[in-house]
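Architecture and fold: a report
Here are the chains, one letter per residue:
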Amino acid sequence: MATRSDTAASPVEGGAAPGRPPKGPLPADKERRRRAKLSRRWQRDVRWSPYAFVSPFFLLFLAFGLFPLIYTGWASLHQVELTAPTDMNWVGLRNYTRIFDDDFFWNAAQNTLTIGIISTVPQLLMAMGIAHILNYKLRASTFYRVAMLAPYATSIAAASLVFVLLFGRDYGMINWALDFVGVDPVDWQGDKWPSQFAVSTIIIWRWTGYNALIYLAAMQAIPQDLYESAALDGASRWQQFLHVTLPSLRPTILFTVVVSTIGASQVFGEPLLFDANKGASGGAEHQFQTLGLYLYEQGWVNQHLGRASAIAWTMFLILIVIGIINHVISRRLRASS
């Protein structure tokens, strides 16, 4: 007779898997360790993530900014040719002394100064006037603002080629207009002052709208209460511009003057493309050769890399002086205001 067993049979191999342990809160020590691990990870992330985000800028600056600057300074103390940049002969400050004894360097510096004055002063005055007009409520004001940026967006090559055609000696539109009113044709590319004026017009055309939008943005930040108070006191529009707008724009005007001065000291593309011979001499008699063209001529035409490096560092030191002057003037303006 079969008997009933009270004991459970042992599980057979390959049978059903044992049940999972019931879910519940982790033990206190494991929970503390997990929270401490997350806390350390969060602290590392907060500390190092900003450096990771800005590291591409510093890597690019080291590769394309700091290293060329240091290498150029080192090359300026050597006699080195572009055909053999690794063969350097130490000459100390000889490249700098030769530059300051070079008449072509002083000619280029003088041309850079005159072109900078001829292009910067009318440019900023025109930009101020255009910004003052655009500051009023006009129809299609967005169109005018975009049109102001069109010359800035145009490439230097295209703009220079157009102005070369306009200032052509025999078939240029400018000489045609002068002949129409009875003025003799002008050799815009051969004479010194006409050529510098022509190069300056290219710069004026390209950068006036850019500076006008900067002035316009600064004008729109001026509180309207100042104009209303001036109007109640009987000030005309011109008096409001002189006594309200201009004093409020002094930091912006200083900024544009400094930026335009730095840009004028580095003028390169406009005179290079304006030259009829398409060379770096700035005309047959170097009449509009700037410091940028002189650097290019010494380094890439004459292949004197050491002298070109010395010119580059001289221009860099000039920009540092301009920056110091800007800092001094801006501090005095803030103190006076």
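So, how was this worked out
Residues numbered from 1 in each chain as written. Predicted model: local features only at pLDDT ≥ 70, side-chain atom pairs only at ≥ 80, totals over all residues. Heavy atoms only, no water. Helix = DSSP H or I, 4+ residues; strand = E, 2+ residues; numbered from the N terminus. Rg over C-alpha atoms; globule rule 2.2 N^0.38 Å. Buried < 20%, exposed > 50% of the residue type's maximum accessible area, 1.4 Å probe, protein only. Axes fitted to C-alpha atoms, helices over the stretch in contact; angles between N-to-C directions. Parallel < 35°, antiparallel > 145°, perpendicular 65-115°, else oblique. Contact = heavy atoms within 4.5 Å. Nonpolar A, V, L, I, M, F, W, Y, C, P; charged D, E, K, R; others polar. Phe/Tyr/Trp six-rings, centres within 6.5 Å; stacked < 30°, edge-to-face > 60°. Lys NZ or Arg CZ within 6 Å of the ring centre and 35° of its normal. Core = buried A, V, L, I, M, F, W, Y, C linked by side-chain atoms within 4.5 Å. Salt bridge = Lys/Arg side-chain N within 4 Å of Asp/Glu carboxyl O. Pairing = 2+ DSSP bridges. pLDDT = per-residue confidence, 0-100.

1. Quick notes on the overall build of the protein chain
- Along the protein chain, the regular secondary structure elements total 13 helices and two strands.
- Computed over its C-alpha atoms, the radius of gyration of the protein chain comes to 34 Å, more than 25% above the 20 Å expected for a compact globule of 337 residues.
- Along the first, second and third principal axes, the C-alpha atoms of the protein chain reach 140 × 75 × 45 Å.
- By residue count, 34% of the 337 residues in the protein chain fall in the buried class.

2. Side note on the packing of helix α9 (residues 237-248) against helix α10 (residues 250-265)
- In the contact formed by α9 and α10, the axes pass within 4 Å of each other and the chain directions differ by 60°. Taken as axis vectors, α9 and α10 run oblique relative to one another. Listed contacts from α10 to L246, P247 and S248 of α9 are R250, P251 and I253.
- Grouping the constituent residues of the contact of α9 with α10 by class yields four nonpolar, one polar and one charged.

3. Comments concerning the packing of aromatic side chains
- With the rule as written, the count across this model stands at 24 aromatic pairs.
- When the ring of W313 is compared with that of F316, the centres are 5.3 Å apart and the planes differ by 75°; the resulting orientation is edge-to-face. Linking W313 with F316, this pair stays in helix α13 (residues 305-336), spanning three residues, or about one helical turn.
- Look at W313 and you get partly exposed, because its relative accessible area is 23%.
- Grouped by ring-pair contacts, the aromatic residues F163, F167, W188, F197, W205, F274 and F288 constitute a single cluster.
- Of note, K192 hangs over the ring of W193, and the distance from its end group to the ring centre comes to 5.7 Å.

4. Here's the deal with the nonpolar core
- In terms of nonpolar packing, the biggest core is built from 17 residues, with M128, Y215, M219 and L249 touching the most fellow members.
- Counting only elements with at least two residues in this core, the list comes to α3 (103-134), α7 (192-220), α8 (224-232) and α9.
- Here the element with the most residues in this core is α7; it accounts for six residues.
- Within the second largest apolar cluster, 13 residues are counted, among which are W188, A198, V199 and I203.

5. Here we look at the side chain of R206
- Looking at the secondary structure, you find R206 in helix α7.
- Its relative accessible area of 7% is what places R206 among the buried residues.
- In contact with R206, other than residues within four places in its own chain, are P151, Y152, T154, I156, A159 and E270.

6. Let's talk about the pattern of salt bridges
- Inspection of the entire model under this criterion finds three salt bridges.
- For E270, the salt bridge identified is with R206, shortest N-O distance 3.8 Å. Of this pair, E270 sits in helix α11 (residues 269-274) while R206 sits in helix α7, and the two are 64 residues apart along the sequence.

7. Considering the pairing of strand β1 (residues 78-81)
- Here β1 shows a clear split, with H78 and V80 buried on one side and none of Q79 and E81 buried on the other.
- The pairing of β1 with strand β2 (residues 84-90) spans three bridges and is antiparallel. Bridge assignment links Q79 to a residue of β2, and that residue is N89.
- Taking the residues between adjacent antiparallel strands as the criterion, β1 and β2 are bridged by two residues.

8. Some words on unusual backbone geometry
- If you check the backbone angles, H286 has positive phi at about 55° while not being a glycine.
- Among the secondary structure elements, H286 is positioned in the loop between α11 and α12 (291-301).
- Taking relative accessible area as the criterion, H286 reaches 16% and is therefore assigned buried.
- Look at Q303: it is not a glycine, yet its phi comes out positive at around 65°.
- Assignment of secondary structure puts Q303 in the loop between α12 and α13.
- The class of Q303 is partly exposed, set by a relative accessible area of 30%.

9. As for the confidence of the model for the protein chain
- Residue-level pLDDT values for the protein chain average 85, and 91% of them are 70 or greater.
- Scored below 50 in pLDDT, residues 1-17 shows zero contacts in the model against residues more than four places distant or in partner chains.

10. Structural notes on the side chain of E270
- Residue class for E270 comes out buried when judged on its relative accessible area of 5%.
- Those residues in contact with E270 that sit more than four places away from it in its chain are I156, S160, V199, I202, I203 and R206.

11. Let's talk about the environment of G65
- Here G65 is to be found in helix α1 (residues 28-75).
- For G65 and V301, which are 236 residues apart along the polypeptide, the C-alpha to C-alpha distance reads 24 Å.

12. Quick look at α12
- Among the 11 residues of α12, eight are classified as buried, and the element is accordingly described as predominantly covered.
- For α12, the set of buried residues is L291, G292, L293, Y294, L295, E297, Q298 and G299.
- Packing partners of the buried residues in α12 comprise α3, α11 and α13.
- Once α12 finishes, Q303 follows within two positions and takes phi at roughly 65°, a positive value.

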